[in-house]
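Analysis of the macromolecular model
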Amino acid sequence: QNPKTSAIVKELLAEGNVGELHKYFGSRMEFGTAGLRAAMGAGISHMNDLTIIQTTQGFCRYLEKNFSDLKKRGVVIGFDARAHLLSGGSSKRFARLAANTFISQGVPVYLFSDITPTPFVPYTVTHLKLCAGIMVTASHNPKQDNGYKVYWENGAQIISPHDKGISQAIEENKEPWPQAWDDKQIDSSLLLHDPYATINKEYFKDIQKQCFHRNINKETNLKFVHTSVHGVGHKFVQLAFKAFDLRPPFAVPEQKDPDPEFPTVKYPNPEEGKGVLTLSFALAEKDGAKIILANDPDADRLAVAEKQESGEWKVFSGNELGALLGWWIFTCWKNQNRDACAIKDVYMLSSTVSSKILRAIALKEGFHFEETLTGFKWMGNRAKQLMDQGKAVLFAFEEAIGYMCCPAVLDKDGVSAAVITAEMASFLATRSLSLSQQLKAVYDEYGFHITKASYFICHDPTVIKQLFDNLRNYDGKDTYPKSCGRFKVSGIRDLTTGYDSSQPDQKAILPTSKSSQMITFTFANGGVATMRTSGTEPKIKYYSELCAPPGNSDIEQLKKELDELVNALEKHFFQPEKNNLQRKTE
């Protein structure tokens, strides 16, 4: 019933444009553990009013089956600032239609009245003891995209088998229910609640449990620049600084207000490097700020840059900031906990494609480190399991600039990460240390961990499948490569098939998934490289790392060795020319 998407389809029908119609209606968006992520537009392959109604009807029925008290507890729904003029879709409209679906079935809905960071949704699920949460966002994807992200009652993103169950329920509930389109009726419903004021108060109260140096924060002369890259983060990072008694950061004026067009950047993704930070560098130079904090548009990720003594700006990789935050959060915990026995219940987590630096710190300091599959859905669920056993999960991170610094949110959170980074930098400044100098000190103490990650773009799933099949049948059927250029392969773990050469029974310990490709190669020189497909983008990604024991300080030699390994990986395993792969460009 949306006149804009309806008109698009009618026009294509009138033109007899079968090709375009097939794009729109050939296959339904797949509901996975990340929920939905697709372009806004007409048809069942896109995010629009109808597909949101259908998805929510399925999700509602699935929750009814799983929770006898759903009508007592309810769900939370949040949204970012995305909008698409051509199809009339927007995050706010989708959130209201989703709320309408639940309310029509007698389910209470806590619908945020304004834009909110993604981490506020899992926080609300936990804080208000709700059955589930929905966040309408496409995070840092291109402007035409939107998404529908789902959290379970434990406050973590859903994992299997919930995705399958919800997907099946969507298939069974495709016909819109009566009044499905009439979202105006929710405004007078007693089942509609607005958690905005309460959650804003409670969240900022909770993250203050991670504030350990209020006096230093009050006095610091360190200046910060913050950018929300046309997303939702501005107001919330300002409030986080206030909660920690830090002077507010300078906000990049051209990027501080939400704008669904993302006019000043090619990609609204701080992970893409210096291109996204051009305006931040200019403001920092003007105002004499040493540190830049950049959130992605839904404020669940954080990038950090620091001005070096040379005048150059260093943008920290996700692994480097993970090393710094891991060191900092453990140091703060140690200062608060003098009981030597307490450390046996302390945990940190990171994903399998992230740096192993936390493992090195854990080995030396005596706490537990665990790695999970890629994605915060795994770390959030594992953290909750550990917390339910009385363990303290201090920190979790992934190399894609995602950090969980505060146990109140079981997902990555760019707001708390920004303010905790600012406190860490302010503390280090009192010791005349920069973030870069402290990073070197961490590596000196626990061993250098040099990482390099990138990706190739490939829009053809057949080519991707063939590339990975070739690696599994490299020297004849069912044989993996024994070397990559001059680098000897010493171990292989394939989480698509479940093979792991390092295990006695050759079966991988981490869960496997036939629907996604992921192979990890260990090399005789201590290098590790993982190749995997992305769940939300047409990319084949790779992650590589060389770990050296403490005392091996020839960092340039290590970097050279890793560069050579990566070059060999690209040349022999990716074969970009043969497979027509497009390289990542700045």
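Since this is a predicted model, take the numbers as computed values, not measurements.

What about the layout of surface pockets?
- Of the volumes computed, that of the second largest pocket is approximately 500 Å³.
- For the second largest pocket, the lining is made up of 24 residues, of which Lys356, Arg359, Glu371, Arg493 and Thr522 are closest to its centre.
- When residues of the lining of the second largest pocket are assigned to their parent elements, the largest contribution, four residues, is made by strand E20 (residues 487–494).
- Residue composition of the lining of the second largest pocket, by class: seven nonpolar, eleven polar and six charged.

A few points about the packing of helix H12 (residues 318–336) against helix H13 (residues 357–365)
- Relative orientation of the contacting elements H12 and H13 amounts to 25°, with a least axis distance of 9 Å. In terms of orientation, H12 and H13 fall into the roughly parallel class. Of the two possible hands of crossing, H12 and H13 adopt the one that is right-handed. Residues Gly322, Ala323, Gly326, Trp327, Phe330 and Lys334 of H12 pack against Ile357, Leu358, Ile361 and Glu365 of H13.
- Grouping the amino acids of the contact of H12 with H13 by side-chain chemistry returns six nonpolar, two polar and two charged.

Considering the domain arrangement of the chain
- Split into domains, the chain comes out as domain 1 (3–193), domain 2 (204–310) and domain 3 (448–583).
- A straight line from the C-alpha centre of domain 2 to that of domain 3 covers 34 Å.

Let's talk about the sheet that holds strand E7 (residues 145–151)
- Taken together, six strands build an open sheet; the order of strands is E1-E7-E6-E2-E5-E8 and the sheet is mixed. Looking at strand neighbours, the two that pair on one side only are strand E1 (36–39) and strand E8 (192–193), the edges of this open sheet.
- Sitting on the sheet, helix H5 (residues 91–104) touches strand E2 (75–79), strand E5 (109–111), strand E6 (132–136), E7 and E8, and the angle it makes with E2 is about 165°.
- Of the strands in this sheet, E2, E6 and E7 are in contact with helix H6 (residues 120–127), which crosses E6 at around 165°.

Description of the side chain of Ser355
- Relative to the helices and strands, Ser355 resides in the loop between strand E14 (346–351) and H13.
- One polar contact links Ser355 to Glu545, side chain to side chain, over a distance of 2.6 Å.

Comments concerning H5
- With 14 residues, H5 extends 20 Å between its outermost C-alpha atoms, agreeing within 8% with the 20 Å of an ideal straight helix rising 1.5 Å per residue.
- Extensive coverage of H5 is indicated by the burial of eleven of its 14 residues.
- Of the residues making up H5, those classed as buried are Ser91, Phe94, Ala95, Arg96, Leu97, Ala98, Ala99, Asn100, Thr101, Phe102 and Ile103.

Section: the pairing of strand E11 (residues 291–295)
- Along E11, five of the five residues are buried, which leaves the element largely enclosed by surrounding structure.
- Covered by surrounding structure in E11 are Ile291, Leu293 and Asn295 together with Ile292 and Ala294, the residues of both alternating faces.
- Across five bridges, E11 lies against strand E12 (residues 302–307) in antiparallel orientation. Directly across from Ile291, in E12, lies its bridge partner Glu306.
- In this antiparallel pair of consecutive strands, E11 and E12, the connection spans six residues, and Ala299 shows a positive phi of 60°.

Quick look at the sheet that holds E14
- With mixed pairing, four strands are arranged side by side in an open sheet as E15-E14-E16-E17. Because the sheet does not close on itself, it has two edges, and the strands there are strand E15 (368–372) and strand E17 (402–404). Each adjacent strand pair in this sheet contributes to an overall mean axis angle of 15°, direction not counted.
- Pairing analysis gives five bridges linking E14 to strand E16 (residues 392–398), with the strands arranged parallel. Paired with Met348 across the strands is Phe395, a residue of E16.
- Relative to E16, H12 is tilted by about 170°, and along the sheet it contacts E14, E16 and E17.

Digging into the nonpolar core
- One finds Phe59, Phe102, Phe395, Tyr403 and Met531 to be the most contacted residues of the largest nonpolar core, which totals 164 residues.
- Setting aside its immediate chain neighbours within four residues, Phe102 contacts Thr56, Phe59, Cys60, Leu63, Val75, Ile77, Val107, Val109 and Ile134.
- Ranked by size, the runner-up nonpolar core spans ten residues in total, among them Tyr347, Phe376, Ala383 and Leu410.

Side note on unusual backbone geometry
- Omega for the peptide link from Ser160 to Pro161 comes to 10°, which places this bond in the cis form.
- Of note in the backbone geometry, Gln179 takes a positive phi value of approximately 65° without being a glycine.
- Note on placement: Gln179 falls in the loop between helix H7 (162–171) and E8.
- One non-glycine residue, Gln575, adopts positive backbone phi at about 45°.
- Structurally, Gln575 can be placed in the loop between helix H18 (555–574) and helix H19 (576–579).

Some points on the packing of aromatic side chains
- Applying the stated criterion across every chain, the model contains 24 aromatic pairs.
- Taking 5.9 Å as the distance between ring centres and 10° as the angle between the ring planes, the aromatic pair formed by Phe395 and Phe397 counts as stacked. Phe397 matches Phe395 in its accessibility class, with the two residues each being buried.
- For the cation-ring pair, Lys539 lies above Tyr455, with the distance from its terminal atom to the ring centre recorded as 3.9 Å.

Basis of the calculations
- Residues numbered from 1 in each chain as written.
- Predicted model: local features only at pLDDT ≥ 70, side-chain atom pairs only at ≥ 80, totals over all residues.
- Heavy atoms only, no water.
- 1 Å grid on protein atoms, 1.4 Å probe; cavity = no way out; pocket = protein on both sides within 12 Å on 5 of 7 lines; lining within 4 Å.
- Points joined across faces, edges and corners; volume = space filled by probe spheres on them.
- Helix = DSSP H or I, 4+ residues; strand = E, 2+ residues; numbered from the N terminus.
- Nonpolar A, V, L, I, M, F, W, Y, C, P; charged D, E, K, R; others polar.
- Axes fitted to C-alpha atoms, helices over the stretch in contact; angles between N-to-C directions.
- Parallel < 35°, antiparallel > 145°, perpendicular 65-115°, else oblique.
- Left-handed = near helix turned anticlockwise from the far one by under 90°.
- Contact = heavy atoms within 4.5 Å.
- Domains from an automatic or database assignment.
- Pairing = 2+ DSSP bridges.
- Polar contact = N/O pair within 3.5 Å; in protein donor to acceptor, adjacent residues only side chain to side chain.
- Expected span 1.5 Å × (residues − 1).
- Buried < 20%, exposed > 50% of the residue type's maximum accessible area, 1.4 Å probe, protein only.
- Core = buried A, V, L, I, M, F, W, Y, C linked by side-chain atoms within 4.5 Å.
- Phe/Tyr/Trp six-rings, centres within 6.5 Å; stacked < 30°, edge-to-face > 60°.
- Lys NZ or Arg CZ within 6 Å of the ring centre and 35° of its normal.

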